[in-house]
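The residues making up each chain are set out below.
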Amino acid sequence: MILKHERSDPFSGLTDINNDEVKEALVLFESLDEHVLRLKITDNKVPRWEAPVYNPDARKYFKQYFIKNMGISYSSSPYQFKLVDPRTQQLFISADDTLYFADKFIELGLWFPADAIFGLGERATSSFDLCDGPYRDCVYTTFNKDLDVPLDDGNYPGGKQTYGHQPFYMVMLKNKQFAGVFFLNSNAQDTAIKRRSTGINVNHRTIGGIIDIYFFYPDIPERVIRNYHSFIGRPYLPPMWTLGYHLSRWGWETLDKVKNVLKSMEFADFPLDSMWSDIDYMQDFVSFTVDSDTYRDLDKFVDQLHEMGMHWVPILNPGIKYDLNNSYYKMGEEMNAYIRSAITKKSMIGKAWLGEAMFLAWMNPNASSVWHAGLKRLYDQVKYDGIWLDMNEASNFCNFECEPEKKEFSSIVHGTDSHNPKEFDDLPYYLSLIHI
């Protein structure tokens, strides 16, 4: 289905869009099986960024299903669609004309005849039911920003960023069945929820990419979650030892402190299966290194833990030290394995605990070569049992990018730098998260 441009009334917080509306949108409905329907809306003329499917083998779990059996009714003028559960013939999702598609602002509105809504992790709420209470309007922001999990009840205007990106939720319909929605978009986004006695309105707002949304048809919640996991990938089954008693903290500056903690646990007869080490064990906080002074003989201590039937897990940060003498930095540059700067067109420089850092571009297969080399080097020094991967958003201490010698491109925020393309400064819609 092709939608021609018809200007609608977007969210009132939208500023000048500079005639960036998509003039012709391609609308695609695709059935994955009798339980899952995909809706994709994108620019029919200009290619746009699409988040890769998390699980490349997802279609192995599904059989193609005739779309005519999915209970869809839709029209292009005015734009609207409805989904009816084929088994019960009951409406469970409808979309009105709340569809707005510009280059840097996208909004899609959905309505559910529902009494509760759950999901949009990772965040802490006073109730599992999001925006709980009658006649409430809420905004939940999703953007990875290396923050502790916030207590977020969706109070306007939102803006409590998340540590992880989980744009999935379930609604409990009035017939007590559950339906799921997965919004596959990697850009920063707001999810606006309106609770009314007749149902729940959900508006998805984002500043890039496309609309790629998956509807999981009504069922008991366990089956909806199972169908969702069949698409994104099933949870990893951990080894038995990881389910035991673990101990860690930041601030064990020396190996002697770690040994004393272990002795204290033994003296108090506290159960303990694994010790974890924070960045204290590293040389200058650089991944794949061990401080030869404060953590001398770490390898022997870990061997001792293994003899006791225990395990050791070190922390690793994905930032690669920006240092001409760092072999991993040089390897990444030679293999073109780092995230590139939109400003300098060179490898982007950020900042982490170790100082100036480069970030591996994980969609580049060369990135794995650099990472595996570092893991092997660390294992040759200390026989670790697992990895604590931290700050892999990737987390950056600079606002946007850094220049060498810890100088920030701070003008990117204010739009005064001649190297700063205008497109990075004046967005038509500032999500609640833009509080740097």
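First, a word on scope: everything that follows refers to the structure included in this document. This structure is a prediction, so every number in the text was calculated from the model and none was measured.

## Let's talk about the environment of Leu-305
Piece 1. Mapped onto the fold, Leu-305 is located in helix H3 (residues 298–307).
Piece 2. Relative accessible area serves as the criterion here: at 0%, Leu-305 is assigned to the buried category.
Piece 3. Here the alpha-carbon distance between Leu-305 and Met-275, two residues 30 residues apart in the chain, equals 8.5 Å.

## Structural notes on the side chain of Asn-326
Piece 1. With respect to the element layout, Asn-326 can be found in the loop between strand E19 (319–321) and helix H4 (327–334).
Piece 2. On the basis of relative accessibility, which here comes to 13%, the residue Asn-326 falls in the buried class.
Piece 3. Only 3.1 Å separates the side chain of Asn-326 from the backbone oxygen of Lys-321, close enough to count as a polar contact.
Piece 4. In contact with Asn-326, other than residues within four places in its own chain, are Ile-320 and Lys-321.

## Overview of the side chain of Thr-141
Piece 1. The residue Thr-141 is located in strand E10 (residues 137–142) in this model.
Piece 2. According to the relative accessible area criterion, Thr-141 is buried, its value standing at 0%.
Piece 3. Here the side chain of Thr-141 touches Asp-190 through a polar contact of 2.8 Å, side chain to side chain.

## Here we look at the sheet that holds strand E22 (residues 388–389)
Piece 1. Taken together, the four strands give an open sheet; going across it, the order is E16-E17-E18-E22, and neighbouring strands pair in parallel fashion. Strands at the two margins of the open sheet, each flanked by one partner only, are strand E16 (246–247) and E22.
Piece 2. Bridge count for E16 against strand E17 (residues 274–277) is two bridges, and the pairing is parallel. In the strand pairing of E17, Leu-247 is matched with Met-275.

## Quick look at the environment of His-165
Piece 1. Summarising the element assignment, His-165 is placed in the loop between E10 and strand E11 (168–173).
Piece 2. Overall, the relative accessible area of 17% leaves His-165 in the buried class.
Piece 3. Sequence-wise, His-165 and Thr-142 are 23 residues apart; in three dimensions their C-alpha atoms are separated by 6.3 Å.
Piece 4. Beyond its immediate stretch of four places on either side in the chain, His-165 contacts Thr-142, Asn-144, Asn-185, Ser-186, Asn-187 and Gln-189.
Piece 5. For His-165, the side chain forms a polar contact with the main-chain oxygen of Asn-185, separated by 2.9 Å.

## Quick look at the state of the cysteines
Piece 1. All chains considered together, the criterion is met by two disulfides.
Piece 2. Linked covalently through their sulfurs, Cys-131 and Cys-138 form a disulfide whose S-S length is 2.1 Å. Its S-S torsion of about 85° marks the bond between Cys-131 and Cys-138 as right-handed, since a negative value means left-handed. Each member of the pair, Cys-131 as well as Cys-138, carries the same accessibility label: buried.
Piece 3. Disulfide partner of Cys-398: Cys-402, at an S-S distance of 1.6 Å. The sign of the S-S torsion, about 125°, decides the handedness of the disulfide formed by Cys-398 and Cys-402: right-handed. Across the pair, exposure class does not vary: Cys-398 and Cys-402 are buried alike.

## Side note on the sheet that holds E19
Piece 1. In spatial order, the strands read E19-E21-E20; together these three strands make up an open sheet with antiparallel pairing. The sheet terminates laterally at E19 and strand E20 (349–352), the two strands that pair on one side only. When strand polarity is set aside, the average angle formed by the axes of neighbouring strands in this sheet is 55°.

## Comments concerning the packing of H4 against helix H5 (residues 365–381)
Piece 1. Where H4 meets H5, the axes come as close as 9 Å, and the angle between the chain directions of the two elements is 160°. As judged from the angle between their axes, H4 and H5 are roughly antiparallel. The chirality of how H4 crosses H5 is right-handed. Between H4, through Tyr-328, Met-331 and Gly-332, and H5, the contact on the second element is made entirely by Ser-369, Val-370, Ala-373, Gly-374 and Arg-377.
Piece 2. In the contact of H4 with H5, the residues fall into four nonpolar, three polar and one charged.

Procedures and definitions
- Residues numbered from 1 in each chain as written.
- Predicted model: local features only at pLDDT ≥ 70, side-chain atom pairs only at ≥ 80, totals over all residues.
- Heavy atoms only, no water.
- Helix = DSSP H or I, 4+ residues; strand = E, 2+ residues; numbered from the N terminus.
- Buried < 20%, exposed > 50% of the residue type's maximum accessible area, 1.4 Å probe, protein only.
- Polar contact = N/O pair within 3.5 Å; in protein donor to acceptor, adjacent residues only side chain to side chain.
- Contact = heavy atoms within 4.5 Å.
- Pairing = 2+ DSSP bridges.
- Disulfide = S-S within 2.5 Å.
- Axes fitted to C-alpha atoms, helices over the stretch in contact; angles between N-to-C directions.
- Parallel < 35°, antiparallel > 145°, perpendicular 65-115°, else oblique.
- Left-handed = near helix turned anticlockwise from the far one by under 90°.
- Nonpolar A, V, L, I, M, F, W, Y, C, P; charged D, E, K, R; others polar.

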